[in-house]
Amino acid sequence: MRILLLLYCLAATIPMAAQSPNRKLAEKEFLKTLQEALEMGMDSTPPEDPICSIDTAFAIDDKGILSLTLRFKNKDKDSSFYLQRYAVPLRLVSHVFYDVYIGLESYNDAVYVRRTKKNTTTYNQYALTNLWHIGMLPEDKAKELQPKLFALVRELRRWYH
């Protein structure tokens with residue numbers, strides 16, 4: 001009986017061990033591709049918009065929450081800023097879209113957007129939405145990245161369900 005239980009436990013853990021490197025590779029590729037899209041989008045920001053920089057890069061935590069924090073500064077001479085943090089559970093990302101922007105679409109309103117007050121790092125709830133606009137990209141690049149990102153989202157949802 002003990003041997004049977006041991007074999008059962010061993011058989012149950014082998015698939016998880018085999019999937020782990022694949023998940024890590026998919027996460028790494030997904031984060032790299034999102035970062036690339038974000039940086040391209042930041043390069044095409046209209047001059048009248050606030051200056052935006054990456055405060056905390058795209059990351060996926062243990063629970064499968066994708067997040068990003070951006071820092072916005074006014075273009076005038078004062079040094080004021082605010083932070084805006086985006087987060088969405090990967091299991092709730094339903095689609096990667098491209099219209100003018102490339103972005104993530106979620107089931108229901110699963111994208112949390114939190115913003116700090118001027119010159120603070122304490123977040124307040126700002127919005128709850130189903131769309132996360134990553135960046136405005138050239139059409140050819142967006143058409144290349146959209147299916148790649150969507151395939152990676154589908155793969156990652158297998159591990160975070």
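Note: the structure precedes this text.
Residues numbered from 1 in each chain as written. Predicted model: local features only at pLDDT ≥ 70, side-chain atom pairs only at ≥ 80, totals over all residues. Heavy atoms only, no water.

Participant: What exactly am I supposed to notice about the pattern of salt bridges here?
Facilitator: Pairing between side chains of opposite charge can happen when the charged atoms of each approach one another. A full pass over the atoms with the stated rule returns 8 salt bridges. The salt bridge involving R23 is made with E27; its shortest N-O contact spans 3.4 Å. Of this pair, R23 and E27 both sit in helix α1 (residues 2-43), separated by 4 residues, roughly a single helical turn. On the basis of relative accessibility, which here comes to 8%, the residue E27 falls in the buried class. Because the salt bridges share partners, they merge into one network encompassing R23, K24 and E27. (Salt bridge = Lys/Arg side-chain N within 4 Å of Asp/Glu carboxyl O. Helix = DSSP H or I, 4+ residues; strand = E, 2+ residues; numbered from the N terminus. Buried < 20%, exposed > 50% of the residue type's maximum accessible area, 1.4 Å probe, protein only.)

Participant: In this structure, what is going on with the sheet that holds strand β3 (residues 81-89)? I would like to understand it.
Facilitator: Neighbouring strands of a sheet are bound in pairs by backbone hydrogen bonds; such pairs are parallel or else antiparallel. Read from one edge of the open sheet, 5 strands run β1-β2-β3-β6-β7, paired in antiparallel fashion. Since the sheet does not close on itself, it has two edges, and those belong to β1 (51-60) and β7 (123-129), each with one partner. Averaged over all adjacent pairs, the angle separating strand axes in this sheet is 20 degrees, with direction ignored. As defined by bridge partners, strand β6 (residues 111-116) adjoins β7 across 6 bridges and the pair is classed as antiparallel. The residue of β7 that forms the bridge with T116 is Y123. (Pairing = 2+ DSSP bridges. Axes fitted to C-alpha atoms, helices over the stretch in contact; angles between N-to-C directions.)

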